[in-house]
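One-letter residues, chain by chain:
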Amino acid sequence: MPDILVIHGPNLNLLGQREPGHYGADTLQDIEAEMAELARGHGVGLSSFQSNHEGEIVDRIHQTLRDGVDFIIINPGAYTHTSIAIRDAFLACRKPFIEVHLSNVHAREEFRRHSYLSDIAVGVISGLGKDSYLLALHAAIIRTQHSETPR
Ligand code: DQA
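The following refers to the structure shown. Everything quoted here is computed from the prediction, not taken from an experiment.

Right, let's talk about the pairing of strand β3 (residues 71–75) for a bit. A large share of β3 lies buried, amounting to 5 of its 5 residues. Going residue by residue along β3, you find Phe-71, Ile-73 and Asn-75 tucked away on one face and Ile-72 and Ile-74 tucked away on the opposite face as well. Bridging between β3 and strand β4 (residues 97–101) involves 3 bridges; their strand directions are parallel. Within β4, the position partnered with Ile-73 by the bridge is Ile-98. Chirality of the crossover, the property in question, places the unit of β3, helix α4 (residues 84–93) and β4 among those that are right-handed.

As structure tokens, this is what we get:
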């Protein structure tokens, strides 16, 4: 059974109350419940990790070298635009990942248009709210269940 890990970066623990105009009314728990249902229906394992700390996210990515995670979905939050350390962790661990954003980062401030991760991601989904995560999970399931699909 393939194992997929979802990583949520800083401030995403406040979803539901944080800037709902950008991020919607769903809480992280709401999003995770829908993802868990989808994963269950497809027989894939799903775990999640949220941290407000860059080093903890780096450590969690390193841990995937030992814990059998096959694929990562990450919303890096503001670290998208700043973190060479998270980029280097992905390069070091060579785990395929999809970058997701609830908001359309290209329709906001200029500084949100640059990502340190997009060019090394399998794909990027931005601007579809909760569906960004669900679509990423669909794609991750296809890629982990049919390993002949290019990653
Ligand atoms: C975000 C977009 C980032 O620019 C921002 O810093 C976030 C959330 C999103 O999901 O839209 O924290 O990643």
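Here helix α3 (residues 54–67) is 14 residues long and its end C-alpha atoms lie 20 Å apart, about the 20 Å a rise of 1.5 Å per residue gives. Positive backbone phi, at 80 degrees, marks Gly-68, one or two positions downstream of α3.

Moving on: the sheet that holds β3. Reading across from one edge, β2-β1-β3-β4-β5 is the order of the 5 strands in this open sheet, with parallel pairing throughout. For this open sheet the edge positions go to β2 (45–50) and β5 (123–126), each flanked by a neighbour on one side alone. Geometrically, the sheet is characterised by an average inter-axis angle of 20 degrees between neighbouring strands, direction not taken into account. Here strand β1 (residues 3–8) pairs with β2 via 6 bridges, running parallel. Counted as the bridge partner of Ile-7 is Phe-49 from β2. In this fold α3 packs onto β1, β2 and β3, with an angle of close to 175 degrees to the strand it touches most, β1.

Right, let's talk about the packing of aromatic side chains for a bit. Inspection of the entire model under this criterion finds 1 aromatic pair. Aromatic side chains Phe-90 and Phe-97 sit 3.9 Å apart centroid to centroid with 20 degrees between the ring planes, which places their arrangement in the stacked category. Of the two residues, Phe-90 and Phe-97, both sit in the buried class.

Quick look at the side chain of Ser-83 now. In this fold, Ser-83 is placed in the loop between β3 and α4. Judged by relative accessible area, which is 0%, Ser-83 ranks as buried. Among the polar contacts listed, one links the side chain of Ser-83 to the backbone nitrogen of Ala-85, at a separation of 3.5 Å. Aside from chain neighbours lying at most four places away, what touches Ser-83 is Glu-54 and Tyr-116.

Conventions and cut-offs
Residues numbered from 1 in each chain as written. Predicted model: local features only at pLDDT ≥ 70, side-chain atom pairs only at ≥ 80, totals over all residues. Heavy atoms only, no water. Buried < 20%, exposed > 50% of the residue type's maximum accessible area, 1.4 Å probe, protein only. Helix = DSSP H or I, 4+ residues; strand = E, 2+ residues; numbered from the N terminus. Pairing = 2+ DSSP bridges. Right-handed = clockwise from strand over helix to strand, strands pointing away. Expected span 1.5 Å × (residues − 1). Axes fitted to C-alpha atoms, helices over the stretch in contact; angles between N-to-C directions. Contact = heavy atoms within 4.5 Å. Phe/Tyr/Trp six-rings, centres within 6.5 Å; stacked < 30°, edge-to-face > 60°. Polar contact = N/O pair within 3.5 Å; in protein donor to acceptor, adjacent residues only side chain to side chain.

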